[in-house]
Each structure stands twice: as structure tokens, then as C-alpha cells.
Amino acid sequence: MDPQPTSLGAAAISTPGACADANVTLDAVSLTIRGKQGSIEILQSVSLRIAAGEFVCLLGPSGSGKSTILNLVAGLVRPTQGHVRYRAAEVTSPGPDRAMVFQDAALFPWLALRGNVEFPLKLQGLRRTARAARSEELLRLVHLWRFADRYPHELSGGMRQRGAIARALATDPAVLLMDEPFAALDAQTREILQGELERIWTATRKTVIFVTHNVREAVRLADRVVLMATRPGRVLHEEYVDVPRPRAANDARVSSLAAGIARRIASEVEKVAREEADDAWLAPGSRGHSDPRRHLGGGI
Amino acid sequence: MAAGVRDGTLVRAVATSAVRLVLGYGTALTLGIPLGIGLARSRVFKDTAGPVVLGLSSVPSICWLPLAILWFGLSELAIQLVVVLGAALPVAVATENAVRHVTPSIERAARTMGARGARLMFAVTMPAALPGILGGAKLGWTFALRSLMAGELLFVSGGLGQLLETGRDLGDTSLVLAVVVVIVALSRSSEIVLFSPIDRAIARRWGVEEA
């Protein structure tokens with residue numbers, strides 16, 4: 001864990017300590033896809049080093065390529081330029097060492113919870129008894145053992161998400177990729193699951209790359225928050241969260257760090273909105289501050 | 001109607017039609033489902049065969065009868081062709097839709113676990129698309145039944161359709177009505193015996209969202 005909270009810009013990318021035993025590395029990664037309206041740059045020269053056992057949150061608005069980074073690390077997408085490496089080896093395809101958790105849990109509806117957790121083990125050719133032992137262990141870890149024979153639609157959103165985490169942990173991956181896993185949950189459930197994830201992470205010491213657009217969630221969970229900017233997706237800023245664990249949901253230091261990051265995002269969002277809205281946004285502004293209606297809030 | 005049952009004509013007709021229906025429907029499923037999967041998964045196949053399948057599926061199946069007779073003569077094969085074409089195409093279109101609309105994250109999740117190719121298709125995509133495929137299969141059944149009746153009406157070869165035609169020739173309204181009642185019973189009972197249990201099983205597993 002790196003104790004120094006830094007607030008440098010892109011220069012903070014190669015932080016000492018993280019570099020030494022980097023587990024996942026993105027090296028000047030760019031991704032451009034050809035769409036109907038010409039090509040779109042999804043990621044522009046993104047470099048990240050993530051240490052083994054580190055909990056990193058990617059935070060940013062939609063379109064900043066957060067999920068794309070997960071897909072790259074998972075091996076579902078290949079970069080146009082640059083290198084994605086896992087333990088010094090180029091990532092070319094999905095592997096059981098990198099598991100993913102999705103926003104909608106993505107449990108298989110035709111399998112009971114137990115079958116879902118055993119699915120990746122089955123793909124690996126594990127025997128029935130070994131599978132059963134492993135799925136019991138995992139379902140107990142996420143406190144769902146009682147519900148092992150329930151189908152996904154019989155479970156609440158939070159339970160489904162815990163099931164998805166258990167399934168992702170089944171192959172004992174070194175890296176856990178989480179794509180806004182708690183975004184669709186209500187506030188209480190989300191807080192409970194954040195606590196559970198912290199507990200599981202502390203117990204298993206996986207490398208976690210967690211995508212979210214919730215600032216508090218990012219600061220609450222992460223060792224390091226990577227702030228992304230949009231159009232094209234790039235790293236804007238990185239911040240280490242030096243708050244001891246386990247963290248309380250309403251920890252004051254978490255709140256103040258979150259407030260700082262939120263301010264930074266607000267200015268970025270405003271910048272983007274201005275670019276997006278071009279004429280509509282600039283026109284009233286271009287009339288200048290002398291326009292009294294501007295201050296009264298009228299006519300805008 | 002009772003007379004029809006007693007002298008055996010109605011029973012024989014039902015048996016003839018039922019055998020044709022099961023044969024033709026079975027063939028239609030074995031052709032239609034792979035065809036639909038192919039359309040959903042292969043870009044090239046979709047671009048080439050897609051419009052043809054869509055176009056052909058809009059042709060009322062009985063329109064194939066003249067062609068079938070030219071090819072196969074007044075034979076069992078001719079009537080089977082009508083049934084198969086009538087049922088396979090809607091099955092294919094429904095299967096394509098079902099496979100195409102499998103929740104993307106489900107397939108992505110499976111891929112991150114290392115599922116690929118045929119394994120991905122049979123262990124993940126097909127089960128995920130099953131409710132939709134079953135809907136297509138049900139549709140196919142109705143289409144098969146309709147095609148068969150139309151075919152038998154125009155084509156002398158035993159079966160319920162022909163019995164209807166006989167009733168008309170003899171001016172026997174009660175026979176015609178009896179056959180209609182039998183057709184209704186046949187389609188309803190096949191629905192109850194065949195599809196309702198599967199439907200219920202699916203609803204139980206998948207939950208209400210997709211049923």
C-alpha cells in the first residue's frame with residue numbers, strides 16, 4: 001500500500017512501489033473503433049500500473065472508457081495501440097486468472113446459484129465433488145449458502161451481485177474486474193455490499209479493478225482512485241486513499257477526499273458540457289458578464 | 001361425429017394427419033433452429049441468406065404445394081415439403097431473434113470464464129435464448145398444423161383435410177363440423193400436453209421477466 005496521498009496529474013502514473021511488482025500494466029494504450037460516423041477514439045494513450053493486491057477504482061463519467069479498460073484487461077478487446085500486460089505477458093484472450101463482475105450480475109438464469117458458481121469450474125474440467133466443495137466454500141463466503149438452490153430471479157439484486165462475486169472468485173483469479181457492480185442497487189444494499197467487498201478483498205487479497213461513477217464509492221473502497229476524463233477516454237488524475245481499513249461508510253476522511261475529487265470532476269464536467277453544447281452553451285456566455293440577465297438566472 | 005368415430009374414418013384421418021404433423025414438425029425444428037442460429041451468428045450468412053429467409057417466410061406455405069407436386073408428384077413427400085417449409089421458416093426467424101437478443105453481459109461473462117466456440121453456443125447462448133426459441137417452436141407448431149390442413153384439403157391423400165373435403169362433396173355439414181371440432185381438439189391438446197409443461201418449467205426457472 002502506498003501511504004503518500006499524491007495529487008499530481010498524469011505524472012503520478014509511475015508511482016514508486018506500484019511499479020516494482022506491477023500485476024496489470026497498461027502501456028500507452030489507445031483504442032479506436034470505426035463506427036458509422038467515422039472512427040471514434042475510445043481511449044487515448046492510457047498508462048496504468050496496478051500492483052498485485054492493489055484495489056484500484058476507475059472513476060469517471062460515461063464515455064471515459066472505464067469499462068473498456070476492464071474489457072482490455074479481461075482480454076475481450078484488443079488495443080489499437082500500446083500494450084496490455086498481465087504479469088509481464090501480453091493479454092491476448094480471456095483467462096481464468098482474470099474474472100469479471102458485471103453491473104447486472106449476469107448470472108445464468110437457467111442455473112441455480114450453485115450451478116452458476118460451478119459453471120467456470122466445469123469449464124475448467126473440475127470433478128463434481130471438487131466443484132461442490134468449492135461452491136459451498138464460496139457461497140458461504142458471500143453468505144448465500146442457504147440460497148444455493150435458488151434461481152437468480154428468486155434472489156434480490158444484492159444477493160445476485162454477491163452470487164456474481166462468488167462466481168467470479170470460483171477459479172481463484174488473481175485479478176477481479178468489477179464493472180459498476182453496485183450501481184443498480186439501492187443505497188443501503190450498496191453500503192452493505194461495499195463493506196462485504198472490503199472484507200472479501202482483505203481476506204483474499206485479489207487485485208481489484210473497480211469501475212464506478214460514484215465518487216464516494218470509489219474513495220470508500222480504493223487504495224488508489226484513477227480519475228478518467230472523456231472524449232477521448234484518458235487518465236486525468238490519480239489519488240491515493242490513505243485511510244485505514246476497515247473503513248466506516250461515513251468516515252470523515254473518506255468524505256473530505258471524496259469532496260475534493262468531486263470538485264475536480266465538476267470542473268471537468270463543465271468543460272465537457274461546454275464543448276458538447278457548443279453554440280447553445282457558448283452563446284449566452286459570449287454576451288459577457290455585463291449581461292444582467294445572466295446573474296439573475298433569466299434568459300439562459 | 002359419433003358415426004365417424006365408430007366406422008373408423010375419423011380415427012384413421014386423425015392418425016394420418018398426426019403422423020404427418022409430427023414428422024414435418026420435427027424436420028422443421030431440426031432445420032429451423034440451426035438456420036436461425038446461423039443467421040444470428042454469421043455475418044456473411046445473414047447478409048446472403050437473411051433476406052431470402054425473411055422473404056420466403058412471408059410466402060403462405062400452401063403456395064409451395066404446386067411446386068411440391070411438380071417435384072415429388074402426389075406423394076407424401078410433397079405434403080411434407082409444405083409442412084416443413086411452412087413451419088421451419090418462422091422457427092428460424094424466431095430463433096435468430098432469440099439468439100441475437102441474449103443479454104450481452106451473459107455472453108461476456110461466459111467468455112471471461114473461458115467459454116468459446118461450440119461450448120459457448122451450447123452451454124450459454126442456447127440456454128439463454130431458450131425461452132425465445134421455445135416461442136418460435138410453438139409458432140412453428142401452429143404453422144405446421146395450418147399448412148398440413150391446407151395441403152390435405154387440396155390434395156387427396158387421407159387425413160383430416162381430405163375428410164373435410166369429403167364432407168363438402170357429400171353436403172354433409174355435420175361431418176365438416178365434426179372435423180373442425182377434432183382439429184380444435186388436436187391443437188388444444190397438443191398445446192396442453194406438449195407446451196404447457198415446458199412453459200411452466202421455463203417460467204419457474206427464468207422467472208417472470210422472460211416468460
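Bear in mind the structure is a predicted one, so any value in this text is a computation, not a measurement.

Cut-offs applied
Residues numbered from 1 in each chain as written. Chains lettered and ligands numbered in written order. Predicted model: local features only at pLDDT ≥ 70, side-chain atom pairs only at ≥ 80, totals over all residues. Helix = DSSP H or I, 4+ residues; strand = E, 2+ residues; numbered from the N terminus. Contact = placed C-beta atoms within 7 Å. Buried ≥ 20, exposed ≤ 12 C-beta atoms within 10 Å, placed from the backbone. pLDDT = per-residue confidence, 0-100. Pairing = 2+ DSSP bridges. Axes fitted to C-alpha atoms, helices over the stretch in contact; angles between N-to-C directions. Domains from an automatic or database assignment. Nonpolar A, V, L, I, M, F, W, Y, C, P; charged D, E, K, R; others polar. Parallel < 35°, antiparallel > 145°, perpendicular 65-115°, else oblique. Left-handed = near helix turned anticlockwise from the far one by under 90°. Expected span 1.5 Å × (residues − 1). Bend = angle between axes of the 7 residues up to and from the residue.

Once that is clear, we can look at the overall build of chain B. In terms of helices and strands, chain B carries nine helices and zero strands. The N-to-C order of helical and strand elements in chain B reads α-α-α-α-α-α-α-α-α. Considering only residue pairs separated by 6 or more positions, chain B has 74% of its internal contacts joining residues 24 or more positions apart.

Counting its regular elements, chain A contains eight helices and 10 strands. Counting over 300 residues, chain A shows a buried share of 43%.

This paragraph deals with unusual backbone geometry. Residue and element names in this part refer to chain A. Positive phi is not limited to glycine here, since D172 has a value of about 55°. Among the structural elements, D172 can be located in the loop between α4 (157-169) and β7 (175-179). What makes D172 exposed here is the crowd of 12 C-beta atoms within 10 Å. Within the chain, E180 stands out as a residue other than glycine whose phi angle is a positive 45°. The exposure class of E180 is buried, given the 21 C-beta atoms found within 10 Å.

Across chain A, pLDDT averages 79, with 84% of residues at or above 70. Here residues 1-20 of chain A is a poorly scored stretch, pLDDT under 50, and it has 29 contacts once near neighbours within four places are set aside; other chains count.

This part covers the sheet that holds strand β8 (residues 207-212) of chain A. Residues and elements named next belong to chain A. What the six strands build is an open sheet, ordered β6-β7-β8-β3-β9-β10; its pairing is mixed. Among the strands making up the open sheet, the edge pair consists of β6 (98-101) and β10 (234-240). Shown here is a sheet whose adjacent strand axes are inclined to one another by a mean of 20°, direction ignored.

Residue and element names in this part refer to chain A. The assigned domain composition of chain A is domain 1 (18-97 + 191-280) and domain 2 (103-172). Between the C-alpha centres of domain 1 and domain 2 there is a distance of 26 Å. At the junction of the two partners, domain 1 supplies five residues and domain 2 supplies eight residues. Of the residues that constitute the side of domain 1 that touches domain 2, the class distribution is four nonpolar, no polar and one charged.

What follows concerns the packing of helix α8 (residues 160-169) of chain B against helix α9 (residues 173-206) of chain B. All names here are of chain B. With their axes 8 Å apart at the nearest point, α8 and α9 run at an angle of 160° to one another. What the angle tells us is that α8 and α9 run roughly antiparallel. Of the two elements, α8 crosses α9, and the hand of that crossing is left-handed. Within the contact between the two elements, α8 uses L160, L163, L164, G167 and R168 and α9 uses L175, V176, V179, V182 and I183.

Examined against the element boundaries, A201 of chain B turns out to sit in helix α9. Remark: the alpha-carbon pair of A201 of chain B and L186 of chain B, spanning 15 residues in sequence, is separated by 23 Å.

Time to look at the environment of S17 of chain B. Residue and element names in this part refer to chain B. With respect to the secondary-structure elements, S17 resides in helix α2 (residues 9-41). The buried category is assigned to S17, around which 24 C-beta atoms lie within 10 Å. Once residues within four sequence positions are removed from consideration, S17 is found in contact with L148, E152, G159 and L160.

All names here are of chain A. Counting buried positions over the six residues of strand β9 (residues 224-229) gives six, a clear majority of the element. Taken together, the four bridges between strand β3 (residues 55-59) and β9 define a ladder with parallel strand orientation. Residue pairing for β9: V56 is matched across the bridge by R224. Here β9 hands over to β10 after four residues, with R231 in that stretch at a positive phi of 55°.

Another aspect to go through is the interface of chain B and chain A. Contact residues are listed per partner, giving 17 residues for chain B and 18 residues for chain A. Counting residues per element, the side of chain B that touches chain A draws most heavily on helix α6 (residues 104-112) of chain B, at six residues. Split by residue class, the side of chain B that touches chain A holds eight nonpolar, five polar and four charged.

Here we come to helix α7 (residues 117-153) of chain B. With 37 residues, α7 of chain B ought to run about 54 Å at 1.5 Å a step, yet its terminal C-alpha atoms sit only 46 Å apart, falling short of that. Where α7 of chain B bends most, at L130 of chain B, the angle is about 60°, and the proline P131 of chain B comes one to four residues later.

Moving on to the packing of α2 of chain B against helix α3 (residues 43-57) of chain B. All names here are of chain B. The N-to-C vectors of α2 and α3 enclose an angle of 130°; their axes lie 8 Å apart at closest approach. Classed by the angle they form, the pair α2 and α3 counts as oblique. Considering only the axes of α2 and α3, their crossing is left-handed. Residues L35, G38 and L39 of α2 touch α3, and the partners they reach there are F45, K46, A49, G50 and V53. In terms of residue class, the contact of α2 with α3 is built from five nonpolar, two polar and one charged.

All right, on to the confidence of the model for chain B then. All names here are of chain B. In this model, chain B carries a mean pLDDT of 82, and residues with pLDDT of at least 70 account for 94%. Taken element by element, the predicted model of chain B shows its lowest mean pLDDT in helix α1 (residues 2-7) (63) and its highest in helix α5 (residues 76-100) (87). Across the interface, the model reports ipTM at 0.74; the global pTM reads 0.76.

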